[in-house]
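# Report on the structure
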Amino acid sequence: MDLFDYMRESNKEKDAPLAARMRPRTIDEVVGQEHILGKDKLLYRAIKADKLSSVIFYGPPGTGKTTLAKVIANTTSAEFTQLNATTSGKKDMEDVVNKAKDMQGMYGKRTILFIDEIHRFNKGQQDYLLPFVEDGTVTLIGATTENPYFEVNSALISRSIIFELKPIPKEGIAELIRIAVTDKDRGMGSFDAVIDEDAVDFLSDISGGDARHALNAVELGIMTTDRDEDGKIHITLNVAQECIQKRAVRYDKTGDNHYDTISAFIKSMRGSDPDAATYYLARMLYAGEDIKFIARRIMICAAEDVGLADPQALVVATNASLAVERIGMPEAQIILAEAANYVATAPKSNASYMAIAGAMAEVESSGNLPIPSHLQDAHYKGAAKLGHGTGYKYAHDYQNHYVRQQYLPYELNGKEFYSPTGNGYEVKIKEHFKRIKSEPED
């Protein structure tokens, strides 16, 4: 490295965005991800011992995938090389592999290859890496925001350990914000700024677990806010809102407002009011509510409040849940709105909910009543000799594929749990039952 290269790298580090400067340098500085970085966890021990095998880091933006790779680069004795799949091609990989072979052959030194956004590589590019990962020429670290089981070749998956990174907890984001404001080495401490606690709380909540998002807002606030009379830069809630271009909405995810809003959302869908359902959905999304949580509530409402009045409601809600996990925000809001509106406008029935509630109460009350012998399994050893299955009538042998026989335990003869309503598809269910049960049997 000549003098110009040295100066360029020095200026690059000094002028880097706050989020880049605040990246942890050691594994113990990493905030969050205790489920994989706790001191008793495999990844922590592997990094500390410099015995890392090929891994793939998977998680939303700003959760520390690249940060972990940088920490590994700072702690490993291996040669560390980085590629970005959006700008690199096969030629770049060939250069890395050739250099890795040289390092291994001449110095006995391992090479760690970090590929950011590995899902951007096509199948052929991923296939090229396979033999070199397999024989240990390179140790692969892949980072992706997409589900690797969908986007990364199964052969690479089978040779790697998948670590899923979670959104950084609100408390972790708040800690990073406070450090960034006061740190004079890598943070904004030299600007003599202070940040109000309600601004910290707002930014850590609204960032949705994305540390980069929160730190960018802090940097923008400090760089664009005039000093007060006391000579300090004050980052207030209003400044924080302006920097992230979002108004603070009172919505504590563990408090009353959280439960009140989701309750209003569900009751609006149950009450067939798509406008109110959409409004409460928007409030939750605006406040940064977990889209998977919202999707789960829509699925429950589809089963509990729509039921068989429209059997497609649960199908739509379930597919919406799968889709939002694959796509994420902001587009996920469209999918959630579609599912919520479908459930809200569907005919309603809680007959299935009442049926299982009644059946559960009956089981709790009467216990395990004897199953009629003709319904018992006759196939296991000695069962037929005990009379199990004897006298069973095979429904498909009869008209309308229906035959009268005792299905419930005899003690519950005539008991009804499911009673279809006169709404939606349940009208057809009632008609179907009336038809098959009224015609004489052969």
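Above this text sits the structure in question.
Cut-offs applied
Residues numbered from 1 in each chain as written. Predicted model: local features only at pLDDT ≥ 70, side-chain atom pairs only at ≥ 80, totals over all residues. Heavy atoms only, no water. Helix = DSSP H or I, 4+ residues; strand = E, 2+ residues; numbered from the N terminus. Contact = heavy atoms within 4.5 Å. Phe/Tyr/Trp six-rings, centres within 6.5 Å; stacked < 30°, edge-to-face > 60°. Buried < 20%, exposed > 50% of the residue type's maximum accessible area, 1.4 Å probe, protein only. Salt bridge = Lys/Arg side-chain N within 4 Å of Asp/Glu carboxyl O. Pairing = 2+ DSSP bridges. Axes fitted to C-alpha atoms, helices over the stretch in contact; angles between N-to-C directions. Parallel < 35°, antiparallel > 145°, perpendicular 65-115°, else oblique. Nonpolar A, V, L, I, M, F, W, Y, C, P; charged D, E, K, R; others polar. Expected span 1.5 Å × (residues − 1). 1 Å grid on protein atoms, 1.4 Å probe; cavity = no way out; pocket = protein on both sides within 12 Å on 5 of 7 lines; lining within 4 Å. Points joined across faces, edges and corners; volume = space filled by probe spheres on them. Core = buried A, V, L, I, M, F, W, Y, C linked by side-chain atoms within 4.5 Å.

## So, the environment of Lys-393
Assignment of secondary structure puts Lys-393 in the loop between α19 (351-366) and α20 (426-438). Leaving out residues up to four positions away in the same chain, Lys-393 has contacts with Tyr-398, Val-403, Arg-404 and Gln-405.

## Quick word on the packing of aromatic side chains
Each aromatic ring pair is described using two quantities: the centre-to-centre distance and the angle formed by the ring planes. In the structure shown here, the tally under the stated rule is four aromatic pairs. Their ring planes at 55 degrees and their centres at 5.3 Å tell us that Tyr-128 and Phe-132 sit as a pair that is tilted. Of this pair, Tyr-128 and Phe-132 both sit in helix α7 (residues 123-134), separated by four residues, roughly a single helical turn. Residues Tyr-128 and Phe-132 agree in their burial class; the two are buried. Taking the centre distance of 5.1 Å and the plane angle of 70 degrees together, the rings of Tyr-279 and Tyr-280 count as edge-to-face. Under the relative-accessibility criterion, Tyr-280 is labelled partly exposed at 23%.

## A closer look at the pattern of salt bridges
Side-chain pairs of opposite charge can arise whenever the charged atoms involved come near each other. This model, assessed by the stated rule, comprises 22 salt bridges. A salt bridge links Lys-48 to Asp-28; the nearest nitrogen and oxygen atoms lie 3.2 Å apart. In this pair, Lys-48 is assigned in helix α4 (residues 42-48) and Asp-28 in the loop between α2 (18-21) and α3 (34-37), connecting sequence segments 20 residues apart. Among the salt bridges present, the one from Glu-117 reaches Arg-120, with a minimum N-O distance of 3.4 Å.

## Structural notes on the pairing of strand β4 (residues 139-144)
Within β4, six of the six residues are buried, which leaves it mostly tucked inside the rest of the structure. Burial along β4 is two-sided: Thr-139, Ile-141 and Ala-143 and Leu-140, Gly-142 and Thr-144, pointing in opposite directions, are all buried. Judged from the four bridges that link them, strand β1 (residues 55-58) and β4 form a sheet pairing that is parallel. By the bridge assignment, Ile-56 is partnered in β4 with Gly-142. Bridging between strand β3 (residues 111-116) and β4 involves five bridges; their strand directions are parallel. Across the sheet, Ile-112 pairs through a bridge with Thr-139, a residue of β4.

## A few points about the sheet that holds β3
For sheets, the rule is that strands pair by backbone hydrogen bonds, running either parallel or antiparallel. The strand order across the open sheet formed by five strands is β2-β3-β4-β1-β5, and the pairing between neighbours is parallel. Looking at strand neighbours, the two that pair on one side only are β2 (79-84) and β5 (161-164), the edges of this open sheet. This sheet shows a mean twist of 15 degrees between the axes of neighbouring strands, independent of strand direction. Bridge count for β2 against β3 is six bridges, and the pairing is parallel. The partner of Thr-81 across the bridge, within β3, is Leu-113. Taken strand by strand, helix α5 (residues 65-75) contacts β1, β2, β3 and β4, and its axis lies near 145 degrees from that of β1. Relative to the sheet, helix α6 (residues 90-107) contacts β2 and β3, its axis offset from that of β2 by approximately 175 degrees.

## Structural notes on the packing of helix α17 (residues 312-327) against helix α18 (residues 332-345)
α18 packs onto α17 with a crossing angle of 170 degrees between their chain directions and a minimal axis gap of 9 Å. Relative to α18, α17 is oriented roughly antiparallel. Between α17 and α18, the residues in contact are Gln-312, Ala-313, Val-316, Ala-317, Ala-320, Ala-323, Val-324 and Ile-327 and Ala-332, Ile-335, Leu-336, Ala-339 and Tyr-342, respectively. In terms of residue class, the contact of α17 with α18 is made up of twelve nonpolar, one polar and no charged.

## What about α6?
Along an α-helix, residues three or four apart share an orientation, since each turn contains 3.6 residues. The terminal C-alpha atoms of α6 lie 25 Å apart, and with 18 residues this matches the ideal 26 Å at 1.5 Å per residue to within 8%. At its buried positions, α6 is contacted by β2, β3 and α7. Positioned one or two residues after α6, Gly-108 has a phi angle of 65 degrees, which is positive.

## Some remarks on empty space enclosed by the protein
Any empty space left between atoms is shown by rolling a water-sized probe over those atoms. For the structure shown, the criterion picks out two cavities of 30 Å³ or more. Lining the largest cavity are Ile-47, Asp-50, Leu-52, Ile-72, Thr-75, Thr-76 and Ile-112. A breakdown of the residues in the lining of the largest cavity according to their chemical character gives four nonpolar, two polar and one charged.

## Considering the nonpolar core
One broad rule of soluble globular proteins: the nonpolar side chains tend to lie buried together. Counting 31 residues, the largest nonpolar core has Leu-18, Ile-177, Val-181, Ile-195, Leu-203, Val-218 and Ile-222 as the members making the most contacts within it. Secondary structure elements with two or more residues in this core: α2, α10 (170-182), β6 (193-195), α11 (197-206), α12 (211-224), β7 (233-235) and α13 (237-244). Residues contacting Leu-18, with those up to four places away along its chain left out, are Ala-180, Arg-186, Gly-187, Met-188, Leu-215, Val-218 and Glu-219.

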